[in-house]
Every structure is written in structure tokens, then in C-alpha cells.
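# Remarks on the overall topology
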Amino acid sequence: MNCEPNSERIPEEGLTLVNRLRAMGYEAWFVGGCVRDLLMGNEPNDWDICTSAKPEQTKAVFEGYRIHETGIKHGTVLVMSGGAGYEITTYRTEQDYSDHRRPDRVEFISELSGDLARRDFTVNAMAYHPSEGVVDLFGGRNDLERGVIRAVGDPGERFGEDALRMLRAIRFAGRFSFAVEPVTAQAIHEKRGDLRYIAAERIFSELKGILSAPKPSGLLVEFADLFAEILPELEPMFGFAQHNPHHDGDCWQHTVRVVDAVPPEPTLRLAALFHDVGKPTCFTLDEQGIGHFYDHVRQSSRLVHQALNRLKCDKETRMAVEALVLAHDQTLPQTPVGVRRYLAKQGTQLVSQLIFLRRADILGQSSERREEKLEQLNRFEALVTAELERGGCLTLEQLEISGTDLMEHGVPAGPELGRLLKAALNGVLDGAVANQRDALLAYLHIM
């Protein structure tokens, strides 16, 4: 971690805004995440400013600038400069969080210390100006050095004010590979039920952020009770013994290994999280004491649909996750024709993602037949790569004939048209006919 923030990273426009406020007799500082990122040597995404100026005073200071007042009720004025927006917020305290998310009342104050005290975590409760250095009243710098996420003040009060902060704590810990400080972690366990007050969209956004961490498995295990609060579908996997030689961990242990092993992309991480969620309800034990999970992919897919709908996940992501979960346990073709047909059915994007998921699934299992499974997957991947590099026809849109061509040769519009186009595509996929207009028409016996 840097001893001092690198002020050269501060945008000139942002520094001009801060100094303009100061020149008019007001206090003004960069605050929050941008200070944290500067201290960590990271590039800040946002440059938030806090000031002793009241909102109307801020507006007056920046007369002539383009200003948005959407947050002015809570003290925030958005000032546009150099093509970017800078949120300039009056020092404030907050009272009464009846919805466990937003304050019912804010009170503008004149002291920076009171404003920093209302913030969520110590690493986000620092202010900075190049001429005066860092203001750190709650040990944020020390927590950055220790790799700790710690609430400002009483964590129970912080989470009672805004329950979403619990998920934010876990997201920050995962993003920076930090630990959640024990007292803060205990408060998360105790207050997790308050997440019922938070909008589903907010929860889903934080969940995606948590799953996008480099290795979220440790946090998924440590805060399993919190994740069961927002995703009760997961809880039956906790400690569920699989009684199967292909698995050396319980269902949840296997799941979090798979989550770690796929690339940190939301669709893949969600698919990894849910790929075996249906196993506990599909479990049977044979006479030899071996566990089986017949049709668990369909049950898992149903639970994915239920969970992601409840979290207001966008339809495109939900459908992609459902498709990956359905496909993750299929037998993969091992011939060029089979691979072409599989690509045509599933689509190239899903197949590319499926390879990542299948490899992670195998690596998350026991060593039983692991090398054999990986060899089969590698053969499949090599065939997929060869087919994509060849650039062959895989979809109806890529056929060198269309419905118009067939109608010009006397085929009436209707179901027969679609049947013939599919037959032509299957012929190309099977290698029975070249994807050439005359060859395809001859193949369909309509020339």
C-alpha cells in the first residue's frame, strides 16, 4: 500500500472543483472509495467530494457549470466538468432508517468528522486533499495495511441503518482479498435477516459483485448463513454428503470449488453456484451405498429459474444460466459431426462457456476417473476449436439458401419451408452436402 496517495492521478477537473470551493471559503475534500483506491495504488472509478458548503452554496459556487440536482434533498449536487460528473455532497449526519436502507432524515453539519463517522467501513471513511494529506479518524489506513474490512463504529448500528452494507462488506473483502474483521463478521451473522427489507435488484447487484471476486469460496463458506438468507435454495447443499466415489466433499464444498475454478464472469459464476443445487432433492442411495442424483440437472434448472426470477435477474442472464445448468452433465460428442450438431443446437457462446464450467466441475470432484474426464473434455474442446476456426455453417442464417430461394422454386410458404431449410442445415452439418446454393437445392430435390 502507498504511504501517500499519488495526487497526479487526480483528474485536473476534479481538483479544480475542490480548490474552487476552498477558494470561496468552504472546506472541500475527496472522500470515500477514491481515497481508498489512491492509497492502494488502484485507479479510482469515481471521484466523490464532500464539503462544508450547503447545497445552495455549492450551486452558487459552480454557477455556469452544468448541474444536476437529483440528489439535492440529501445534500448532493452533481457537477459536470470535462465530460465527467462529480458528486459534491454537504457534510451531513443521517437519522432513522425505517426501511433499513435509506435515512428518513439528513442533517447538514459543518464538521468533516461527523460526516466521516456516518460512513460504512473504515477503508471508505477517509478524506484527502493534496495540500493537507489524508484525514483518517477511524484507522482506515491501518485496516488497508492489515487487509481488513471493518465497520465504522458499532457494526450492528451500521448494518441496522443499511442492511445492504452486509453484502457490501463481503463484496469488498472478496474484491481486495481482505478478511472481514471478527466483530463486523459477527454482526453480519446476527443481522442477516434484515436483508429481507432490501430490494431484490440491489441484492442481485451485490451478489454478482461478490461472485466476481478472484476466489469467493472462502466468503461463501464463512457467510453461508447469509447467502441462504437471500438464496434459500442453497441451504440444502450445506453439509449434504454425496456418498459417491466421484466426490470427496459435500455438495456445498464441491460447489464453492467450482465457483472458484470458473472465470470471474457473472453468468459462469452463477451457473457454477447453481449447477448442483437440485441434488439434495434428487438423492437416492443404491444397495451398495452409492449415492445417485438422477435428473438433478432439470431440478437444478427449475431452482435457478425460481431464484433468479425472485432476484429480478435480467432474462438474458437467467436463460443463459439455466441453459448452462441443464447442459453441464450431458455426454459431450466426440466426433466432428456430433460437435457440429451440438454447436448448432446450443450455440457457440454457450458451448464456449460450458467448456469452462465442465472443466471446473471435474476439477472440483474427487480424483476418481479425473484424467479420463479431462481427456474427453479436451478432445471435445479441440473439435470445437477446429470447427470454429473452419468457419463452417452452423445456423440457418449461414445457409447459402433462404426461404425466398425455395419459394422461387415452387415451395409454398408455411411449415414445409421450415422443414426443408432444417433438412438442408442437417445435411451440411452431417457433411452430406456442401453449403452451396445449387448443391443445397439439388440435395432437397427441388431443381
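For the structure, see preceding data.
Definitions and limits used
- Residues numbered from 1 in each chain as written.
- Predicted model: local features only at pLDDT ≥ 70, side-chain atom pairs only at ≥ 80, totals over all residues.
- Heavy atoms only, no water.
- Helix = DSSP H or I, 4+ residues; strand = E, 2+ residues; numbered from the N terminus.
- Contact = heavy atoms within 4.5 Å.
- Areas by Shrake-Rupley, 256 points an atom, 1.4 Å probe, with all protein chains shown as cover.
- Lys, Arg positive; Asp, Glu negative; His and termini not counted.
- Charge placed at Lys NZ, Arg CZ, Asp CG, Glu CD.
- Core = buried A, V, L, I, M, F, W, Y, C linked by side-chain atoms within 4.5 Å.
- Buried < 20%, exposed > 50% of the residue type's maximum accessible area, 1.4 Å probe, protein only.
- Pairing = 2+ DSSP bridges.
- Axes fitted to C-alpha atoms, helices over the stretch in contact; angles between N-to-C directions.
- Parallel < 35°, antiparallel > 145°, perpendicular 65-115°, else oblique.
- Left-handed = near helix turned anticlockwise from the far one by under 90°.
- Polar contact = N/O pair within 3.5 Å; in protein donor to acceptor, adjacent residues only side chain to side chain.
- Expected span 1.5 Å × (residues − 1).

Scanning the protein from N- to C-terminus turns up 22 helices and 13 strands. Each principal axis of the C-alpha distribution contributes one length, and for the protein these read about 85 × 60 × 40 Å. In the protein, once contacts between residues fewer than 6 apart in sequence are set aside, the share between residues at least 24 apart is 64%. Split by element, the accessible area of the protein, about 20,600 Å² in all, is 48% carbon and sulfur. With 50 positive and 66 negative side-chain charges, the protein shows a separation of 2 Å between the mean positions of the two kinds.

This paragraph deals with the nonpolar core. Membership of the largest hydrophobic core comes to 116 residues, with the highest contact counts inside it found for F227 and F274. Examining the composition of this core, we find that 8 residues originate from one element, helix α7 (residues 164-176), more than from any other. Those residues within four positions of F274 in sequence are excluded, and the remaining contacts are L231, L234, S300, V304, A307, L308 and V325.

Read from one edge of the open sheet, 7 strands run β3-β4-β5-β2-β1-β8-β9, paired in mixed fashion. The sheet is open, and its two borders are formed by β3 (66-68) and β9 (133-136), each paired with just one other strand. Averaged over all adjacent pairs, the angle separating strand axes in this sheet is 35°, with direction ignored. Bridge count for β3 against strand β4 (residues 76-81) is 3 bridges, and the pairing is antiparallel. Paired with R66 across the two strands is M80, which belongs to β4. With respect to the sheet, helix α1 (residues 12-23) is in contact with β1 (28-31), β2 (49-51), β4, β5 (84-90) and β8 (126-129), its orientation differing from that of β1 by roughly 145°.

A packed helix pair is summarised by two numbers, namely the angle formed by the two axes and the spacing between the axes. Packing of α7 against helix α9 (residues 200-211) leaves a shortest axis separation of 9 Å and a crossing angle of 15°. Taken together, α7 and α9 sit at an angle that is classed as roughly parallel. With respect to the hand of their crossing, α7 and α9 are arranged in left-handed fashion. Of the residues in α9, those in contact with L164, L167, R168, I170 and R171 of α7 are R202, I203, E206, G209 and I210.

Turning next to the side chain of T184. Here T184 shows up in helix α8 (residues 182-191). Only 2.6 Å separates the side chain of T184 from the side chain of E181, close enough to count as a polar contact. Not counting residues up to four positions away in its chain, the partners in contact with T184 are I149, R150, A151, P155 and F159.

The phi dihedral of H243 falls on the positive side, at around 50°, and the residue is not glycine. Position of H243 relative to the elements: it lies in the loop between α11 (224-230) and α12 (251-261). Among the residues examined, H243 registers a relative accessible area of 46% and is labelled partly exposed. Despite not being glycine, R369 shows a phi value in the positive range, around 60°. Relative to the helices and strands, R369 resides in the loop between α18 (348-363) and α19 (370-390). What makes R369 partly exposed here is its relative accessible area of 44%.

Let's shift gears to α18. For α18, with 16 residues, the first-to-last C-alpha span of 23 Å sits near the 22 Å given by 1.5 Å per residue. Where the residues of α18 are buried, they touch α12, α13 (266-274), α16 (315-327), α17 (336-346) and α19.

Across the 11 residues that make up α12, a large majority, 8, are buried. Taken together, the buried positions of α12 are occupied by C251, W252, H254, T255, V256, V258, V259 and D260. Against the buried residues of α12 lie α9, α10 (217-222), α11, α13, α14 (279-282) and α18. The N-cap residue of α12 is D250: its side-chain oxygen and the backbone nitrogen of W252 are 2.9 Å apart.

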